Amino acid sequence: MCASIPIPDDYWRLTEAEMTPFVSIPWEQPIEVGETICVRVVLPARPSSPLLASSAIIHTPFPDAPWDSILLDLVGNSTGISVPVHLQPVEQPPHTLGLPLLQGSKGSARNGAHIYEADVRLRDVDVYSPAGFIEYRDAQWNFEGGLPIVKYEPEPLQITGCIPVSVVDTDGSSIYSISRHQDLPLCQESNPEGRWVAADDIPFNTTTSNILPPDNHNRIWLPYTCRMQRYNYRRFAQCLVDRYPVMHVYGDSNTRRYLKMITTLGQWCNHPQYRNFSQCLCEDYGERQFTRFRVDTRNVIIDMDPVNGGYSPVGTNYSTTAAPPNKSRIYLRKWDGLTHHNNNDMPWWQQLAESDGVARTYGRAQVAVFSLTNWDAAFTTRAYFALQIQRLLDLIDSNYGPETEIILRTGQYFCCRVDPSPSARQYSRMRNKMFDKYIVDQFKARFSTTRRLSIWDVASLGEHRPIEARKADPAACPSNHVRSELIDIENQVLFNHLCNY
C-alpha cells in the first residue's frame, strides 16, 4: 500500500526547527479486516552540533539496519490489541537530493530527514491509533565494540494529528473473528502470527475451551489462522517418549528455565503464591530447592517420562546414545551463545561437534534446538557473530542428518531500557532485533529447502504484548529473563508445534 502512496517532497525539506518527529497515516477510509494500512514516521533533519558530530564518528548501524530506533504500534482503542509496526527506511529519491541535507561527509545522510514506512495488516475489528516513541537517533542504539552504553531517554512522536484507522467486517465473514477461533485447525507452526487478547473479551469459556493460559496481565495469545491447545505437561512428556525419544538442546539460562518447567511437569513456579518470588520473575540460578538436574554444569542429561517428569540419571551405568525404556532423553549443552565466554570450559564448536561433543556422542536426535542472540547481542559484535553463525551452519550440516528437525529459538524480546548492572550487556531493542533477524535469515537461507527447519519465535510473542507490559515486566531483570507465566506460554507454542499431528 505504501508503494502506491507518494511521499510529499516537502517531507524531505523539513527540519526540526519547523516540525517535530511525527507519524503519518495517509488514508482516511475504513478498511476491511485483513487489509493493510500504510504507516509512516518522519524525522525532520536535525541541526549540526559538536555533540552530534562526535556521535556520528563513533556510532554506526549494521549495514542492514536503520539509523534510528523507533518503537511503534497500532493499538485497538476498544480491545487494546497491539500490532507492531515494522518500519523500514525509505531511500531518499534522487530529485530531492539537492534539498537541505546538512553539510559534512558522513553527516549528510545521518543528519538529513529520515522517513520510515510499513504496510501493517490489521485483522481484528476495532479503531486503531498509533502509539510509540523514538528510542535512539544516529545509531546510538548500537553500542558495541567497547562504546559506552547510551542512556535510555526516549523522545516523543507527534501522533495527535493522525486519523484513527477503522477496521470493519462488512459482511460478518471474517476468518479472523475471535468468535470463530474455536473452529480453526490446530496449530502446527512454531511461530504462527497472532495477538494478545484480553481474557474478558473472549466470547467463549476460557477455562473449558482448552486454549492457552493468560499472561500476568490477563491476556491470552490467540493465533489468527490456527488454534493452540493447552498441553498438560504429562501429555507433552508422552509425546516426547512416542515421537522424540532423543532431543539435543543448546542454550543459555533461558533454556534452563524452560527445562525447569518441563522437567517438573509444569509445577515449577506454577502456584500463584510463588510467582512473584525472584526465581520465578527473573533470576533462578541459585535456587536450592531445584534438584532434578544440575544447573551449575555445562553438560546435562535428563531422562523424561509422563509420570515422574525429568531427572538426571544417577551414576555412570547408562547408555549415552539412547533413552531408557519408556522414557525420552534430553541432552542439554549449556552455552553462552557463540561468544568467547564459552572458552573457559570449551569453545562452542567443540561442545557441538568434537569427538565428545553433543552431536557425536549422544545418539541420533529427532530434534535439535539452538538458542541464540541473548549472549551474542550482549557481548559480541555483529561482524564476529556473522562469522560464528556461518561456522555453526556448517557444523549443523555436517553433524545432523535430514532426519533431525532443526529448531532455532530466537532471543528473548528486549525493550525500553538498558542494562544497568555491572555486566553492562550491550542490549537495546533494535540491536537484539537485528541479531534475531540475521540468524533467522541465515538459517532459512541455508536450511529451508534442504531439511526440516522451524523458528521458535519467542521474541515475537514479547513484541506483540501491549507496550506497558513490555516496559513493566522486564524492568527489574537485567538478564532479560521472562517471568514464569510467559515461559509456560512459550513452551506451549513448542508443544503445539511438535505434537499437533
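Above this text is the structure in question.
I will try to describe carefully the structure that is included in this document. Quantities reported herein were computed from a predicted structural model and do not represent experimental measurements.

When you line up the elements, Arg137 lands in the loop between strand S8 (126–136) and strand S9 (155–156). Given the relative accessible area of 4%, Arg137 is considered buried. Here the side chain of Arg137 touches Glu155 through a polar contact of 3.3 Å, side chain to side chain. Here Arg137 is in contact with Glu16, Pro21, Leu43, Arg46, Trp67, Asp68 and Glu155, once residues within four sequence places are set aside.

Across the sheet, 7 strands lie side by side as S15-S14-S16-S13-S17-S18-S19; this open sheet has mixed pairing. Two strands bound the open sheet, and with one partner strand each, they are strand S15 (309–311) and strand S19 (453–456). For this sheet, the mean angle separating the axes of adjacent strands, direction not counted, is 20°. Bridge count for strand S13 (residues 246–251) against strand S17 (residues 367–371) is 4 bridges, and the pairing is parallel. In the strand pairing of S17, Val249 is matched with Val369. Of the strands in this sheet, S13, S17, strand S18 (405–409) and S19 touch helix H14 (residues 484–499), which is tilted by about 160° from S18.

Attention shifts here to the packing of aromatic side chains. Considering all chains together, one arrives at 25 aromatic pairs under this definition. Centroid distance Tyr136 to Phe143: 6.0 Å. Interplanar angle 75°. Geometry classified as edge-to-face. Residue Phe143 is classed as buried on the basis of its relative accessible area of 0%. Look at Tyr258 and Trp456: their rings are 5.1 Å apart centre to centre, the planes differ by 65°, and that puts the pair in the edge-to-face class. Separated by 198 residues along the polypeptide, Tyr258 in helix H5 (residues 253–263) and Trp456 in strand S19 bring together distant segments of the chain. On the basis of relative accessibility, which here comes to 3%, the residue Tyr258 falls in the buried class.

What counts as what
- Residues numbered from 1 in each chain as written.
- Predicted model: local features only at pLDDT ≥ 70, side-chain atom pairs only at ≥ 80, totals over all residues.
- Heavy atoms only, no water.
- Helix = DSSP H or I, 4+ residues; strand = E, 2+ residues; numbered from the N terminus.
- Buried < 20%, exposed > 50% of the residue type's maximum accessible area, 1.4 Å probe, protein only.
- Polar contact = N/O pair within 3.5 Å; in protein donor to acceptor, adjacent residues only side chain to side chain.
- Contact = heavy atoms within 4.5 Å.
- Pairing = 2+ DSSP bridges.
- Axes fitted to C-alpha atoms, helices over the stretch in contact; angles between N-to-C directions.
- Phe/Tyr/Trp six-rings, centres within 6.5 Å; stacked < 30°, edge-to-face > 60°.

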